[in-house]
Amino acid sequence: MKAVYVTGADTIEWVDIDKPTAGPSDVLLKMKASGICGSDAMYAHVGGIPPRQGATPLGHEPAAEVVEVGADVEGIQVGDHVVIDTMALTDGLLGSGGAQGGLNEFVVIKDAELGRQLRVVPSHIPWEVAALNEPMAVAYHAVNRTQPKDGDKVVIFGAGPIGLGALLGYRRRGASHIVVVDIVPSRLEKALEIGADAVINSAEEDVAARLVELHGDASTQMLRGVRPGTDIYLDAAGVSSVPQSVAGMAKHGATLGIVAVHKRPVELDFGGILMTELTVVWSMGYPTEIFEVTDDIIENWEKYAKIISHTMPYEKALEAFTLAATPGAADKVTILF
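Residues numbered from 1 in each chain as written. Predicted model: local features only at pLDDT ≥ 70, side-chain atom pairs only at ≥ 80, totals over all residues. Heavy atoms only, no water.

Asker: Just to check I follow, could you spell out the overall build of the chain for this structure?
Answerer: When helices and strands are counted, the chain shows eleven helices and 16 strands. Against the compact-globule benchmark of 20 Å for 337 residues, the chain has a radius of gyration of 21 Å, which places it among compact chains. For the chain, the spread of C-alpha atoms along the principal axes amounts to about 70 × 40 × 30 Å. For the chain, restricting intrachain contacts to residue pairs at least 6 apart in sequence, the fraction spanning at least 24 positions comes to 66%. Total accessible area computed for the chain in this model is approximately 14,600 Å², and 52% of it derives from carbon and sulfur atoms. Side chains of the chain carry 26 positive and 44 negative charges; the gap between the two charge centres is 3 Å. (Helix = DSSP H or I, 4+ residues; strand = E, 2+ residues; numbered from the N terminus. Rg over C-alpha atoms; globule rule 2.2 N^0.38 Å. Contact = heavy atoms within 4.5 Å. Areas by Shrake-Rupley, 256 points an atom, 1.4 Å probe, with all protein chains shown as cover. Lys, Arg positive; Asp, Glu negative; His and termini not counted. Charge placed at Lys NZ, Arg CZ, Asp CG, Glu CD.)

Below is the structure:
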C-alpha cells in the first residue's frame, strides 16, 4: 500500500509498504482523512522522530472507516466511521514516531477497544471535520488547563486551528466574553463567524487599551497602568511578544495558558510580574480530552468545518505538505482519501 513518510532531513516522500492484517483482537481501518499539523514540518526538518529517524510515517490527525473487525472485538462494526486516539495505540504514537501513520492507506488497531483507541462518529459528519478531532482535543486540553469558570472573560492570541478550537472550547465551558487577537484580517473574520464576541488586529490596535474597553479596567493602586479585566489569556500564536504583552497588562490573579510552540527562548520580567500573581500554565497533548471533544464536534460540526481552509486529495499529499508549510498560504489543510 501507499504511505507518506519522512525519509530524510526536509524530505517527505511516497513509500510502498505492506498492508497490515488484523488478528482476532484487532480492527483494520481504511483511512479517509488526515489533517496536516505544524509539527509535521518539524518532524520533516529534523529528518524524523527517534528511533525512526529517516523513516517516519506521517499523519496524526485521522478519520477512518472500519473495514475489518476481529472476532474478539466488541462494539465495533464494519462500516463504522471512527476517530482515533493517536496516543493510545500499542505500537506507538500514530504519525508521531510510532510504527504507523494516518497517511498510510490502511491502519491496524491492535487490541482494539471502543472508547480506548476508537470512537464511532455519525456518518453525516464530513471526513475532514471528523479529522479535526485530534487537534481540537489539543485545543480543548489547553482550555481545561486554564481552568475557566462560568462568566470568565477570555483572550485568545492566534486565530489558527488551535486558537479557533479553543474559542469553541471556552464557549463550551461557559466563558462570557471571548476576544481573538491576530494580525491576519481573514483569520479574524473567521473567528467572528465561529463565535468570537470581538476581535483585535494587533498590527493596527493597542491590544491592552482595546481590552480595557471590552473587559473593563482592573488597575489598582498596587497595579497601575493599563490593566484589562481579562481573566484568562491563551497563547496559541507562539511569538514572544504575546507572553511579554500579557505579563505587562495582566490583572491580579489572571491566568496565562501556553499551548503554542515557541521556537525561541522568551524573556520575561519576573520582577514586574511578581505583584500580579499571574498563573502560567502549559498545555501539551490531550490526556483525557480526545473523545470528550468529539461530542461538541458532532453537535456543532458546521462551526468546526469553518476551521478548514483547504482540502486536497490523497494523491496530492506531497503538494498539500508544501502548501501547509508555506507561510500565509493556508490555515488548515486536510488530505482526503
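Resuming the write-up.
Asker: Sorry, what's going on with the nonpolar core here?
Answerer: Ranked by size, the top nonpolar core spans 44 residues in total, and within it Ile156, Leu167, Tyr170, Val180, Tyr304 and Ile307 carry the most contacts. Counting residues per element, the ones that place at least two in this core are α2 (127-130), α3 (133-145), β9 (153-157), α4 (161-172), β10 (177-182), α5 (185-194), β12 (232-235) and α9 (292-299). The element best represented in this core is α3, accounting for six residues. With sequence-adjacent residues up to four places away left out, Tyr304 is seen in contact with Val129, Leu132, Met136, Leu168, Val293, Asp296 and Ile297. By size, the runner-up hydrophobic cluster in this structure holds 20 residues, among which are Val207, Ala208, Tyr233 and Val242. (Core = buried A, V, L, I, M, F, W, Y, C linked by side-chain atoms within 4.5 Å. Buried < 20%, exposed > 50% of the residue type's maximum accessible area, 1.4 Å probe, protein only.)

Asker: How should the side chain of His81 be read in this particular structure?
Answerer: Among the structural elements, His81 can be located in strand β6 (residues 81-84). Those residues within four positions of His81 in sequence are excluded, and the remaining contacts are Ala64, Arg119, Val120, Val121, Pro122, Ser123 and Trp127.

Asker: Teacher, can you tell me more about the environment of Gly102 here?
Answerer: Topologically, Gly102 is positioned in the loop between β6 and β7 (106-109). If we ignore the near neighbours within four places in the chain, the residues touching Gly102 are Met31, Ser34, Leu58, Gly59, Leu94 and Phe337.

Asker: What am I meant to see in unusual backbone geometry here?
Answerer: The phi torsion of most residues other than glycine is negative, and most of the peptide bonds are trans. Of note in this structure, Gln147 is not a glycine but carries a positive phi near 50°. Take Gln147: it is sitting in the loop between α3 and β9. Positive phi values are uncommon outside glycine, yet Glu277 reaches one of about 50°. Position of Glu277 relative to the elements: it lies in the loop between α8 (270-274) and β14 (279-282). Its relative accessible area of 53% is what places Glu277 among the exposed residues.

Asker: It is not clear to me how helix α6 (residues 207-215) should be interpreted in this structure. Could you clarify?
Answerer: Residues that lie three or four places apart on an α-helix share one face, since the helix turns once every 3.6 residues. Of all the residues in α6, the buried ones are Val207, Ala208, Leu211 and His215. An end-on view of α6 places all buried positions within 90° of arc, on one side of the element. Contacts from the buried residues of α6 go to β9, β10, β11 (198-201), β12 and α7 (241-249). Remark: Gly216 follows α6 within two positions and exhibits a positive phi of approximately 90°. (Arc of directions from axis to C-beta.)

Asker: I keep staring at the pairing of β11 and nothing clicks. Help me out?
Answerer: Side chains on a regular strand alternate between the two faces of the sheet. Side chains Ala198 and Ile200 of β11 all project onto a buried face; the interleaved residues Val199 and Asn201 project onto the opposite face, where all are buried too. Taken together, the four bridges between β10 and β11 define a ladder with parallel strand orientation. In the strand pairing of β11, Asp182 is matched with Asn201. On the question of chirality, the crossover connecting β10 to the parallel β11 by way of α5 is right-handed. (Pairing = 2+ DSSP bridges. Right-handed = clockwise from strand over helix to strand, strands pointing away.)

Asker: Help me out: how do you make sense of the pattern of salt bridges in this one?
Answerer: Side-chain pairs of opposite charge can arise whenever the charged atoms involved come near each other. Throughout the structure, instances matching the rule amount to 13 salt bridges. When the shortest N-O distance is used, the salt bridge between Asp295 and Arg119 registers 2.6 Å. One end of the pair, Asp295, is in helix α9; the other, Arg119, is in strand β8 (residues 118-121), with 176 residues separating them in the sequence. Between Glu205 and Arg210 there is a salt bridge, with its nearest N and O atoms 3.9 Å apart. Since its relative accessible area comes to 33%, Glu205 is described here as partly exposed. For Arg210, a relative accessible area of 25% gives the class partly exposed. (Salt bridge = Lys/Arg side-chain N within 4 Å of Asp/Glu carboxyl O.)

Asker: Just to check I follow, could you spell out the pairing of strand β2 (residues 11-16) for this structure?
Answerer: Bridging between strand β1 (residues 2-8) and β2 involves six bridges; their strand directions are antiparallel. Bridging from a neighbouring strand, Tyr5 pairs with Glu13 of β2. Turn length for the β1-β2 hairpin, with the two strands adjacent in sequence and antiparallel, is two residues, and the turn residue Asp10 shows positive phi of about 55°.

Asker: Explain the sheet that holds β1 to me, please; I cannot follow it from the model alone.
Answerer: Sheet strands associate in pairs through backbone hydrogen bonding, adopting either a parallel or an antiparallel arrangement. Taken together, three strands build an open sheet; the order of strands is β2-β1-β4 and the sheet is antiparallel. The sheet is open, and its two edges are formed by β2 and β4 (56-57), each paired on a single side. Pairing analysis gives two bridges linking β1 to β4, with the strands arranged antiparallel. Within β4, the residue paired with Tyr5 across the bridge is Pro57. Across the face of the sheet, helix α11 (residues 317-325) comes into contact with β1 and β2 while running at roughly 160° to β2. (Axes fitted to C-alpha atoms, helices over the stretch in contact; angles between N-to-C directions.)

Asker: How should the sheet that holds β14 be read in this particular structure?
Answerer: Ordered by their spatial adjacency, six strands build an open sheet running β11-β10-β9-β12-β13-β14, and the pairing between neighbours is parallel. Lying at the two open borders of the sheet, with one neighbouring strand each, are β11 and β14. Each adjacent strand pair in this sheet contributes to an overall mean axis angle of 20°, direction not counted. Bridge count between β12 and strand β13 (residues 255-258): four bridges; the pairing is parallel. By the bridge assignment for β13, Ile232 is matched with Thr255. Where α4 meets the sheet, it contacts β9, β10 and β12, and its direction lies at approximately 170° from that of β9. Running over the sheet, α5 touches β10 and β11 and is turned about 170° from β11.

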